[in-house]
Amino acid sequence: MSLELFSLEKIQEFAQTYGYWAVFVGILLENLGIPLPGETLTLVGGFLAGSDELNYWLVLGDAVTGAVIGGVCGYWIGRFGGWSLLVKAGKIFRISEDRLVSIKDQFSENAGKTVFFGRFFALLRIFASPLAGIAEMPFGKFLVYNLAGASAWASVMVTLAFFAGKIVSLEQLVTWVSQFAILALLILVLVIVIPIWWESRQVKHLGE
């Protein structure tokens, strides 16, 4: 697919043409792992609501509903087929199954927080729900955190675009949000990777 297809101008045109459906379908498919700019569509929807082209509450409802349904689908994908795929990926990257089990257990301890806060991180928004399924997080518990996270994330994105869009350009707003999401993801990766690296180094040192 051409990158031009996902230019902000094209995304805005798509949102103006399909309105609420664009927001709902965009974020739903992004949560299923399909590389569509769901977050940008949500921001554009909030921006259009701020300019009275769409209704704020309907945009917010579509964003929440799409995120929740996409998260539920991702959860069941992870629950029924995610572990075998993860083991195959682990072999490619030379990560033992025992290590994957350890990571799975660590995820289970913080699954609720990951599902909730994962909405605000680039990529993690896509993978948090399948990981919850892989970790066999109880569906009822997942549903609560999924709904809470989707509602919080959608409220922030739509409201931010609704009000900030009156002050700054849509291009600037999308750029700032994207940069924040990437920076937050990098910080999260460092927080996770550094302790794992330190632990493996300590184990290696003890074995010498």
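Residues numbered from 1 in each chain as written. Predicted model: local features only at pLDDT ≥ 70, side-chain atom pairs only at ≥ 80, totals over all residues. Heavy atoms only, no water.

Under the annotation held in an unreviewed UniProt entry, the chain carries the name DedA family protein and is attributed to Cylindrospermopsis curvispora GIHE-G1. Database annotation for the chain, UniProt heading Sequence similarities (unreviewed entry): "Belongs to the DedA family." Database annotation for the chain, UniProt heading Subcellular location (unreviewed entry): "Cell membrane". (UniProt positions renumbered as here; feature names shortened; annotations may be inferred.)

S.K.: What should I look at first to understand the overall build of the chain in this one?
M.R.: Within the chain one finds nine helices and zero strands. Reading the secondary structure of the chain in the N-to-C direction produces α-α-α-α-α-α-α-α-α. The 208 residues of the chain split such that 40% are buried. With the model as given, the accessible surface of the chain reaches about 12100 Å², and the carbon-plus-sulfur share is 69%. (Helix = DSSP H or I, 4+ residues; strand = E, 2+ residues; numbered from the N terminus. Buried < 20%, exposed > 50% of the residue type's maximum accessible area, 1.4 Å probe, protein only. Areas by Shrake-Rupley, 256 points an atom, 1.4 Å probe, with all protein chains shown as cover.)

S.K.: Any chance you could explain the side chain of Asn-146 here in plain terms?
M.R.: Tracing the chain through its elements places Asn-146 in helix α8 (residues 139-164). Within polar-contact distance, the side chain of Asn-146 engages the backbone oxygen of Val-68 at 3.1 Å. (Polar contact = N/O pair within 3.5 Å; in protein donor to acceptor, adjacent residues only side chain to side chain.)

S.K.: For this particular structure, what's the right way to read the packing of helix α2 (residues 20-31) against helix α3 (residues 38-50)?
M.R.: The description of two helices packed together rests on the angle between their axes and the distance between the axes. At a minimum axis distance of 8 Å, the contact between α2 and α3 shows a crossing angle of 155°. For the element pair α2 / α3, the angle class is roughly antiparallel. Along this stretch, α2 crosses α3, giving a crossing that reads as left-handed. Across the interface between the two elements, Ala-22, Val-23, Gly-26, Ile-27 and Glu-30 from α2 touch Gly-38, Glu-39, Leu-41, Thr-42 and Gly-45 from α3. (Axes fitted to C-alpha atoms, helices over the stretch in contact; angles between N-to-C directions. Parallel < 35°, antiparallel > 145°, perpendicular 65-115°, else oblique. Left-handed = near helix turned anticlockwise from the far one by under 90°. Contact = heavy atoms within 4.5 Å.)

S.K.: Can you walk me through the UniProt feature "transmembrane region" (unreviewed entry) in the chain in this structure?
M.R.: Feature annotation in UniProt assigns "transmembrane region" (unreviewed entry) to the following positions: residues 20-44, 56-77, 116-135, 142-164 and 176-198. Secondary structure across residues 56-77 divides into 100% helix and 0% strand, with the first and last C-alpha atoms of the span separated by 32 Å. For residues 142-164, the helix share is 100%, the strand share is 0%, and the end-to-end C-alpha distance is 32 Å.

S.K.: Please clarify how the confidence of the model for the chain should be interpreted in this entry.
M.R.: Regions with low pLDDT should not have their predicted coordinates read in detail. Averaged over the chain, the pLDDT score is 77; the fraction of residues at 70 or greater is 69%. At the low end of the mean pLDDT range in the chain sits helix α5 (residues 97-109), at 63; at the high end sits α8, at 91. (pLDDT = per-residue confidence, 0-100.)

S.K.: For this particular structure, what's the right way to read unusual backbone geometry?
M.R.: A negative phi holds for most residues other than glycine; trans holds for most peptide bonds. Despite not being glycine, Asp-52 shows a phi value in the positive range, around 65°. Within the secondary structure layout, Asp-52 lies in the loop between α3 and α4 (56-92). The phi angle at Glu-136 is positive, at roughly 55°, despite the residue not being glycine. With respect to the helices and strands, the residue Glu-136 is situated in the loop between α7 (124-134) and α8.

S.K.: Teacher, can you tell me more about the packing of α3 against α8 here?
M.R.: At a minimum axis separation of 7 Å, α3 and α8 run at an interaxial angle of 45°. As summarised for this structure, α3 and α8 are arranged oblique, according to the angle between their axes. Classified by chirality, the crossing of α8 by α3 is right-handed. Contact residues: Glu-39, Thr-42, Leu-43, Gly-46, Phe-47, Ala-49 and Gly-50 in α3; Trp-153, Met-157, Val-158, Ala-161 and Phe-162 in α8. When grouped by side-chain class, the residues that make up the contact of α3 with α8 number eight nonpolar, three polar and one charged. (Nonpolar A, V, L, I, M, F, W, Y, C, P; charged D, E, K, R; others polar.)

S.K.: I would appreciate a short explanation of α2 in the present structure.
M.R.: Every α-helix winds through 3.6 residues per turn, so residues three or four apart in the chain are directed the same way. In a regular helix each residue adds 1.5 Å, so twelve residues correspond to 16 Å; α2 covers 17 Å between its end C-alpha atoms and thus fits that length. Among the residues making up α2, those that are buried are Ala-22, Val-23, Phe-24, Gly-26, Ile-27, Leu-28, Glu-30 and Asn-31. (Expected span 1.5 Å × (residues − 1).)

S.K.: Please clarify how the side chain of Glu-30 should be interpreted in this entry.
M.R.: Secondary-structure assignment places Glu-30 in helix α2. Setting aside anything within four residues of it in sequence, one finds Glu-30 in contact with Leu-36, Pro-37, Gly-38, Glu-39, Arg-125 and Ile-126.

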